[in-house]
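# Geometric and topological summary
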Amino acid sequence: MNTIAPTLRLLPAGECLRRLKSVAVGRIAYTKDALPAVEPVKFALEGRCIVIRIDTGSALPAALHHTVVAFEADSRDDEHHSGWSVNIVGNAREVIDPTEISELRATGLQSWAAADDGYFFRIMPGIVTGQEMLDA
């Protein structure tokens, strides 16, 4: 067992976005009935924006309508005691343009519930932060 403390390295915004491309599931934090709530979501990166697809039966569309949310995704390697975490704070907007919706459907992005229908939301980053933990 390694008794040396791991090294924590802050990640620049560009590297944070590159790392997001390597995972498909993240967590969205939002306000639900004036309290914080967090739910897992499948996502895709579109330029600097996070795109999520939400099932029509979910309460998320109403909660995300023109609001500020936080998004987090990470990856860890328990064997090597390393990992990274990326956090994004930004505005969530429903995608309503029919052409954009068709293009997003063509990507194959599914909702967490794997429904064929649903709403697409785009999170436009305002704050992008990340950190990487390395075994010393």
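Let us look at the pattern of salt bridges. Per the counting criterion, the structure on display carries 9 salt bridges. When the shortest N-O distance is used, the salt bridge between Arg27 and Glu72 registers 2.5 Å. Here Arg27, found in strand β2 (residues 25-32), pairs with Glu72, found in strand β5 (residues 67-77); they are 45 residues apart in sequence, far enough to count as distant. Taking the relative accessible area as the measure of exposure, Glu72 reaches 14% and is therefore buried. Arg122 is the salt-bridge partner of Glu100, the closest N and O atoms lying 3.0 Å from each other. Placement of Glu100 in helix α3 (residues 98-106) and of Arg122 in strand β7 (residues 119-134) is noted, with a sequence separation of 22 residues between them. Taking relative accessible area as the criterion, Glu100 reaches 29% and is therefore assigned partly exposed. Using a relative accessible area of 15% as the deciding quantity, one classes Arg122 as buried.

Here we take up unusual backbone geometry. Phi at Asp33 takes a positive value of approximately 55°, unusual for a residue other than glycine. Mapped onto the fold, Asp33 is located in the loop between β2 and β3 (35-46). Residues other than glycine seldom take positive phi values, yet His66 does so here, at roughly 50°. Structurally, His66 is set in the loop between α2 (60-64) and β5.

Rules used throughout
- Residues numbered from 1 in each chain as written.
- Predicted model: local features only at pLDDT ≥ 70, side-chain atom pairs only at ≥ 80, totals over all residues.
- Heavy atoms only, no water.
- Salt bridge = Lys/Arg side-chain N within 4 Å of Asp/Glu carboxyl O.
- Helix = DSSP H or I, 4+ residues; strand = E, 2+ residues; numbered from the N terminus.
- Buried < 20%, exposed > 50% of the residue type's maximum accessible area, 1.4 Å probe, protein only.

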